[in-house]
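Chains, contacts and geometry: an overview
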Amino acid sequence: MTSPTINADQAAAQSLAHGAAGLALLRVELALTGSGTWQDAHDALVLATSEPVDGSPSGCLVHGAPALRFVLHTAAADGQPRYAPAASALDHHLHRITRGRLDAARNRMADGAPGTFGEYDLFYGLTGLGLILLRTAPANDTLADILTYLTRLATRPLPLDGLQAPGWWAARDPDPLSPTPGGHANLGMAHGAAGILAFLALAARRGRTVEGQQDAIKILCAWFDRWQQHSDDGPWWPQWLSRKDLRAGYPAQLSAGRPSWCYGTPGIARALQLAGIATADPARQAAAEHALAHCLAGPQLARLPDAGLCHGLAGVYQTAVRAAADAITPGLSTHLAEVAAGLRRQAAISDGTPALLTGDTGVRLVLETARRTAPPVSGWDSCLLLT
C-alpha cells in the first residue's frame, strides 16, 4: 500500500489541501446530508487512492496515508462501517508515521535545539496527526504520547541566547516574504500556539488528558493574555513574534492582520473559547466570545482576500458556527446570517480553484453548513481544530 517514492501527480491525488482527498471530503459531506450520492463520494475516494498511497514519514493531516485515514473516518460519521478494511490498513501507517515523528521530536528536544512548526503544527506536524488519532483511536497510547509531547512544548521554555523562548519556537521564517532572523514564535491556528491550545483543549473536552495538560492549557492562555493587543475594533493578536519582539516586550506588528481562521482573531478566539470550556473558566470563555463577536461585527472582515477556508470568509463563518454552538454569551449567533450572506457574495465571484483550503472545495463545504444552518454531519471541520 505504500510507495517509497511517488511523483507529483500521485502526491496531488492524496492531498487533502489541494487534491482529490479534499474533493472526497466534500462528496462525503454531501452524501451524508442527502445533497449528493454515495456513488459520487466513492468515485472521489477511488480517485484519491488510484495511485500507491504515500506511507512515508512525510505523511501528515494534509497528505498521504494520514490524510486519507481522516477522510475515511468522516465517511463513517453516521455509524456505518464504510471502508473499514482500508481504514484499518491506513491505521497501521498512521501510527508508524506518528511514532517516527515523535522519536525525531524527542531527539531534537533532548539536544536542546529549536524545532520547526512542521514538527508540531496542524497541517504538517504532530498536532494534525494527533487530531486524526483523537477522532479514530482516542484510547491509544500514541495519542497520549502526542499530548505529553505538546504539553512539554507548552510548559518548558527554550533558552535562546539569553531569552526564554516558548517551547514551540520555530527556527525558520514564517514566510519567505516575512523574514524573522533567528526564528519566530507563531501564534496562529494553522502553524502556531493557537493550534496547540485548541488541540489540548479539544482532547481534554473528550476526556483525554495526560499529566500537566491542564497546566499547559493555562500557560498557553497566559501567553495569549500577555500578547493581546487592543483597538477600537476589538482585541487582536500578532501573527508571530521575533526575537526582537521578545526582547522588547511588545510586537513590531502595529495593527491587526487579516481576520482569518489561520492567523487572525477568529482562530485564536475559538482556541481560547475551547480552553475556557476545558478548564471550566467561564470568564475566559466569555472574553473569547466577545473578541470573536467584535471581529464579526466590525469592518475587519472586508480585509479578507477571498472566500476561502484558510485565509477567507468561509473559514471565519465555519469558526463562528462552531463557536456560537458552544457560546455562553448571545452575541455570536446574531452575526451568522450576515457573514453567510457575505460568503455567498464572495463565492459567486470565486475563480473556481478546486482546493479545500484555498479554493472552491472548502467554500462549498461551508456553504453546505450555511444552507443547512447546522454543523457538518461528517465532522469534516475537525481538520481545522474547530470541534
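Residues numbered from 1 in each chain as written. Predicted model: local features only at pLDDT ≥ 70, side-chain atom pairs only at ≥ 80, totals over all residues. Heavy atoms only, no water.

When helices and strands are tallied, the protein shows 16 helices and four strands. For a compact globule of 387 residues, the expected C-alpha radius of gyration is about 21 Å, and the protein comes in at 20 Å, within 12% of that figure. Counting only C-alpha atoms, the protein reaches 55 × 50 × 40 Å along its principal axes. By the burial criterion, 58% of the 387 residues in the protein qualify as buried. For the protein, the share of sequence-separated contacts (at least 6 apart) that also reach a separation of at least 24 residues comes to 68%. Carbon and sulfur atoms make up 53% of the accessible area of the protein, which totals about 14,900 Å². Of the charged side chains in the protein, 30 are positive and 32 negative, and the gap between their average positions amounts to 3 Å. (Helix = DSSP H or I, 4+ residues; strand = E, 2+ residues; numbered from the N terminus. Rg over C-alpha atoms; globule rule 2.2 N^0.38 Å. Buried < 20%, exposed > 50% of the residue type's maximum accessible area, 1.4 Å probe, protein only. Contact = heavy atoms within 4.5 Å. Areas by Shrake-Rupley, 256 points an atom, 1.4 Å probe, with all protein chains shown as cover. Lys, Arg positive; Asp, Glu negative; His and termini not counted. Charge placed at Lys NZ, Arg CZ, Asp CG, Glu CD.)

Residues given the UniProt feature "binding site: Zn(2+)" (unreviewed entry) here are Cys-262, Cys-310 and His-311. Spanning 50 residues, the annotated positions come together in the fold, the maximum distance between their C-alpha atoms being 6.4 Å. Note on placement: Cys-310 falls in the loop between α13 (282-297) and α14 (313-326). Apart from the residues lying within four places of it in its own chain, the contact partners of Cys-310 are Phe-123, Ser-260, Trp-261, Cys-262 and Leu-357. Its location among the elements puts His-311 in the loop between α13 and α14. Non-local contacts of His-311, meaning those with residues more than four positions away in its chain, are made with Arg-258, Ser-260, Cys-262, Leu-304, Pro-305, Asp-306 and Thr-358. (UniProt positions renumbered as here; feature names shortened; annotations may be inferred.)

With respect to the helices and strands, the residue Thr-265 is situated in helix α12 (residues 265-278). Owing to a relative accessible area of 5%, Thr-265 belongs among the buried residues under this scheme. Sequence-distant contacts of Thr-265, that is, excluding residues within four places in its chain, are made with Pro-235, Trp-236, Trp-237, Pro-259, Ser-260, Ala-291 and Cys-295.

Right, let's get into the state of the cysteines. Considering all chains together, one arrives at zero disulfides under this definition. The cysteine Cys-295 is free of any disulfide, with Cys-262 supplying the nearest cysteine sulfur at 12 Å. For Cys-295, a relative accessible area of 1% corresponds to the buried category. (Disulfide = S-S within 2.5 Å.)

Next up on the list: the packing of aromatic side chains. Where two aromatic rings form a pair, the distance of their centres and the angle of their planes describe that pair. As enumerated under the stated definition, the model contains six aromatic pairs in all. Geometrically, the ring pair formed by Phe-123 and Tyr-124 is edge-to-face, given 6.3 Å between the ring centres and 85° between the ring planes. Judged by its relative accessible area of 6%, Phe-123 is buried. Tyr-124 sits in the partly exposed class, given a relative accessible area of 44%. Ring geometry for Trp-223 and Trp-227: centres 6.1 Å apart, planes at 45°, overall tilted. Here the residue Trp-223 and the residue Trp-227 both occupy positions in helix α10 (residues 213-227), the gap between them amounting to four residues, near one helical turn. In textbook terms, an aromatic cluster arises when at least three aromatic residues are bridged by ring pairs, as seen for Phe-123, Tyr-124 and Trp-261. Arg-82 extends its terminal NZ or CZ atom over the ring of Trp-38, reaching a point 3.8 Å from the ring centre. Positioned above the aromatic ring of Trp-227 is the side chain of Arg-226, whose terminal nitrogen or guanidinium carbon lies 4.3 Å from the ring centre. (Phe/Tyr/Trp six-rings, centres within 6.5 Å; stacked < 30°, edge-to-face > 60°. Lys NZ or Arg CZ within 6 Å of the ring centre and 35° of its normal.)

Right, let's get into unusual backbone geometry. Positive phi is not limited to glycine here, since Ala-280 has a value of about 55°. Inspection of the secondary structure puts Ala-280 in the loop between α12 and α13. With a relative accessible area of 66%, Ala-280 lands in the exposed category. Even without glycine at this site, Thr-373 takes up a positive phi of about 45°. Looking at the secondary structure, you find Thr-373 in the segment after α16 (360-372). By relative accessible area, which is 68% here, Thr-373 ends up exposed.

All right, on to the environment of Pro-282 then. Tracing the sequence through the fold places Pro-282 in helix α13. For the pair Pro-282 and Ile-328, spaced 46 residues apart in sequence, the C-alpha to C-alpha distance is 7.9 Å.

Helix length check: α13 (16 residues) gives 22 Å between terminal C-alpha atoms against 22 Å at 1.5 Å per residue, within 8%. Taken together, the buried positions of α13 are Arg-284, Gln-285, Ala-286, Ala-288, Glu-289, Ala-291, Leu-292, Ala-293, Cys-295 and Leu-296. On its buried face, α13 is in contact with α10, α12, α14 and α15 (336-348). (Expected span 1.5 Å × (residues − 1).)

Attention shifts here to the packing of helix α4 (residues 64-75) against helix α7 (residues 126-136). At a closest axis distance of 10 Å, the pairing of α4 and α7 adopts a crossing angle of 35°. The hand of the α4/α7 crossing is left-handed. Contacts from Pro-66, Arg-69, Phe-70 and His-73 in α4 reach Leu-129, Leu-131, Ile-132, Arg-135 and Thr-136 in α7. Residues that form the contact of α4 with α7 fall into these classes: five nonpolar, two polar and two charged. (Axes fitted to C-alpha atoms, helices over the stretch in contact; angles between N-to-C directions. Left-handed = near helix turned anticlockwise from the far one by under 90°. Nonpolar A, V, L, I, M, F, W, Y, C, P; charged D, E, K, R; others polar.)

Moving on, we come to the pattern of salt bridges. Opposite charge on two side chains permits pairing when their charged atoms draw close. Enumeration over the complete set of coordinates arrives at 13 salt bridges. One salt bridge connects Arg-205 with Asp-326, and the closest N-O pair in it is separated by 2.8 Å. With Arg-205 in helix α9 (residues 193-205) and Asp-326 in helix α14, this pair connects stretches of sequence that are 121 residues apart. Using a relative accessible area of 40% as the deciding quantity, one classes Arg-205 as partly exposed. Put simply, Asp-381 and Arg-322 hold a salt bridge, and the shortest N to O gap is 2.7 Å. On the criterion of sequence distance, the pair formed by Asp-381 in the segment after α16 and Arg-322 in helix α14 is long-range, its members being 59 residues apart. The class for Asp-381 is buried, based on a relative accessible area of 0%. (Salt bridge = Lys/Arg side-chain N within 4 Å of Asp/Glu carboxyl O.)

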